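Fold and contact review
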Amino acid sequence: MTTKLTLPKLDYEYADLEPVLSEELIKIHHSKHHQNYIDTYNKLLDEFDIAKVENDINKIASLTTNLKFNLGSHINHSIYWKNLCPIKNGGGQIPENSNLIKQIIIQWGSVEYFKEDFINQIMKIQGSGWGNLVYNKITKCLEYLETKDQDPVALKSNLVPILCIDGWEHAWYLKYRNVKKSYYTEIWKIINWADLDKRFNEASS
Ligand code: MN3
């Protein structure tokens, strides 16, 4: 018995992340790209059930790789959508008494310097991947972590994702074309700091 995935509904309308991310871009990213990862995962699950019955080792090996890719993508996108918030609903605004912000200031000195550092790090992605801010449960510190392709942070057991930024070209190209850095600079205007703070509090408690 396998559990099929369904596309999570967004907490906002496709046009609500304007002007940082356009309605067309978010609509395609959510209803086409994210949906496609889910449809593919669900289809692979059916094939996996058959491969198990047939004890087909080669089929099982290739399906496992593809299942990981598509489920990882779903996990990453599900965090990404929650990490974003329309400006009119408080996107980009730093909440008062945020434990996450206190930790950022301890480690980076200021939110501005943290953002600058994050942008420098995420610009280093070659090809497709994600730039993540994670909480390390062993060192009890925040870290930047790059994950390749659709690998989710969840594959590393001591790390908890706080912020996952999609570095795939489909996440920004329709709006920013060849100027990728503008995507990474502008996105802070729609960051859902309240969501990040909630994730940090859960991870560090
Ligand atoms: Mn994406």
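As a reminder, the structure under discussion sits directly above these lines.
The structure reproduced in this document is the subject of the present report. Nothing here was measured: the structure is a model prediction, and the numbers come from that model. (Residues numbered from 1 in each chain as written. Predicted model: local features only at pLDDT ≥ 70, side-chain atom pairs only at ≥ 80, totals over all residues. Heavy atoms only, no water.)

**Some words on the coordination of the manganese ion**
The condition that has to hold: Here a donor is an N, O or S atom found within 2.8 Å of the metal, or within 3.2 Å if the metal is Na, K or Ca; sites may look incomplete because water is not among the atoms. Numbering goes from the N terminus for both helices and strands, where a helix is a DSSP run of H or I of at least four residues and a strand is a run of E of at least two. Each residue gets one of three labels from its accessible area relative to the maximum for its type: buried under 20%, exposed over 50%, partly exposed in between, using a 1.4 Å probe on protein chains only.
Surrounding the manganese ion are the protein donor atoms His29 (NE2), His77 (NE2), Asp166 (OD) and His170 (NE2), which sit 2.0 to 2.2 Å from the metal. Sequence positions of the residues that donate to the manganese ion give the spacing H-x47-H-x88-D-x3-H. Here His77, found in helix α2 (residues 57–83), pairs with His170, found in the loop between β3 (159–166) and α5 (173–176); they are 93 residues apart in sequence, far enough to count as distant. On the basis of relative accessibility, which here comes to 0%, the residue His77 falls in the buried class. With relative accessibility at 17%, the residue His170 sits in the buried group.

**Notes on the nonpolar core**
Cut-off, in case you're wondering: In plain words, nonpolar cores are sets of buried Ala, Val, Leu, Ile, Met, Phe, Trp, Tyr and Cys residues tied together by side-chain atoms within 4.5 Å. The contact definition used throughout considers only heavy atoms, calling two residues in contact when any of these lie within 4.5 Å.
Of all hydrophobic cores here, the largest spans 45 residues; its most connected members are Leu21, Tyr183 and Trp193. Counting residues per element, this core draws most heavily on helix α4 (residues 111–122), at five residues. Sequence-distant contacts of Trp193, defined by excluding residues within four places in its chain, comprise Gly92, Gln93, Ile94, Pro95, Leu100, Ile101, Ile104, Val111, Phe114, Lys115 and Trp188. Ile38, Leu44, Leu45 and Phe48 belong to the second largest nonpolar core, which has nine residues in total.

**Side note on the environment of Asn89**
Looking at where Asn89 falls in the secondary structure, it is placed in the loop between α2 and α3 (99–108). Note on Asn89: relative accessible area 47%, which makes it partly exposed. Sequence spacing of Asn89 and Asp16 is 73 residues, and the spatial spacing of their C-alpha atoms is 9.2 Å.

**So, the sheet that holds β3**
Keep this limit in mind: Any two strands with at least two DSSP bridges between them are considered paired. For helices, the fitted line uses only the C-alpha atoms of the stretch in contact; every axis is such a line through C-alpha atoms, and the angle between N-to-C directions lies from 0 to 180 degrees.
The antiparallel open sheet is built from three strands, whose spatial order is β2-β1-β3. For this open sheet the edge positions go to β2 (141–148) and β3, each flanked by a neighbour on one side alone. Within the sheet, the average angular offset between the axes of one strand and its neighbour, ignoring direction, is 25 degrees. Relative to β3, strand β1 (residues 129–136) runs antiparallel, the two being bridged by seven bridges. Bridge pairing in β3 places Leu133 opposite Leu163. Sitting on the sheet, α3 touches β1, β2 and β3, and the angle it makes with β2 is about 90 degrees. Across the sheet, helix α7 (residues 193–204) lies against β1, β2 and β3, angled at about 160 degrees from β3, the strand it touches most.

**A few points about the side chain of His30**
As for its position among the elements, His30 is in helix α1 (residues 23–53). Not counting chain neighbours up to four residues away, the residues in contact with His30 comprise Leu7, Pro8, Leu10, Tyr14, Gln35 and Trp81.

**Remarks on a negative patch on the surface**
This is how the line gets drawn: The patch calculation keeps residues exceeding 30% relative accessible area without a salt bridge and links them within 9 Å when they carry like charges or within 5 Å when they are nonpolar (Val, Leu, Ile, Met, Phe, Trp, Tyr). Shrake-Rupley sampling with a 1.4 Å probe provides the accessible areas, and residues are treated as covered by the protein chains on show and by no other component. We define a salt bridge as a side-chain nitrogen of Lys or Arg found within 4 Å of a carboxyl oxygen belonging to Asp or Glu. Counted as positive: Lys and Arg. Counted as negative: Asp and Glu, with His and the chain ends omitted from the count. In this description, the location of a charge corresponds to atom NZ of lysine, CZ of arginine, CG of aspartate or CD of glutamate.
On the surface, a cluster of negative charge is contributed by Glu13, Glu18, Glu23 and Glu24. Within the secondary structure, Glu24 sits in helix α1.

In short, the description is geometric, and any link to function would need to be established separately.
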